[in-house]
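Geometric and topological summary
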Amino acid sequence: MCLRPLTENDFEAEAQFLSSDRSRFVGGPMGRSEARQKFALILDHWQVRGFGFWAVDELVTGRYCGRVGLWYPDDWPEPEIGWA
């Protein structure tokens with residue numbers, strides 16, 4: 001596995017995941033518009049907090065597998081290690 005910064009190119013895979021039942025533990029399932037908003041929040045988190053999620057790619061194929069990192073929304077009492 002390889003970690004790298006998330007980019008706009010990762011949105012389609014995220015939207016597909018967030019529309020599925022597999023996303024029920026991270027606020028899903030949700031429609032494309034809501035997925036776009038969540039993805040924008042994930043990208044913006046780095047600017048606001050200075051840390052956030054990393055993209056996880058398969059090392060051999062380069063295929064996007066998901067995300068992992070620290071998440072600390074404004075209304076949470078402390079940061080959380082998250083993955084999806």
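A brief report on the enclosed structure follows. Fair warning: this is a prediction, and the values are worked out from it, not measured in the lab.

With that out of the way, let us pick up the pairing of strand β2 (residues 53-57). For β2, the tally of buried residues reaches four of five residues, placing the bulk of the element in the interior. Note that strand β1 (residues 2-5) and β2 share four bridges and pair antiparallel. Residue pairing for β2: Arg-4 is matched across the bridge by Ala-55. Two strands pair when backbone bridges link them, and β2 and strand β3 (residues 64-71) are joined in this way by five bridges, in the antiparallel orientation. Pairing of Phe-53 across the sheet is with Gly-69, part of β3. From the end of β2 to the start of β3, which pair antiparallel, there are six residues, and Gly-62 there has a positive phi angle of about 75 degrees.

On the surface, Leu-3, Trp-46 and Trp-54 cluster together into a nonpolar patch covering about 280 Å² of accessible area. Within the element layout of this structure, Trp-46 appears in helix α2 (residues 32-49). The exposure class assigned to Trp-46 is partly exposed, which follows from its relative accessible area of 30%.

Among the structural elements, Ser-23 can be located in the loop between α1 (11-18) and α2. Under the relative-accessibility criterion, Ser-23 is labelled buried at 0%. If we ignore the near neighbours within four places in the chain, the residues touching Ser-23 are Phe-17, Leu-18, Gly-28 and Pro-29.

What counts, and where the lines are drawn
- Residues numbered from 1 in each chain as written.
- Predicted model: local features only at pLDDT ≥ 70, side-chain atom pairs only at ≥ 80, totals over all residues.
- Heavy atoms only, no water.
- Buried < 20%, exposed > 50% of the residue type's maximum accessible area, 1.4 Å probe, protein only.
- Helix = DSSP H or I, 4+ residues; strand = E, 2+ residues; numbered from the N terminus.
- Pairing = 2+ DSSP bridges.
- Patch = residues over 30% accessible without salt bridge, like charges linked within 9 Å, V, L, I, M, F, W, Y side chains within 5 Å.
- Areas by Shrake-Rupley, 256 points an atom, 1.4 Å probe, with all protein chains shown as cover.
- Salt bridge = Lys/Arg side-chain N within 4 Å of Asp/Glu carboxyl O.
- Contact = heavy atoms within 4.5 Å.

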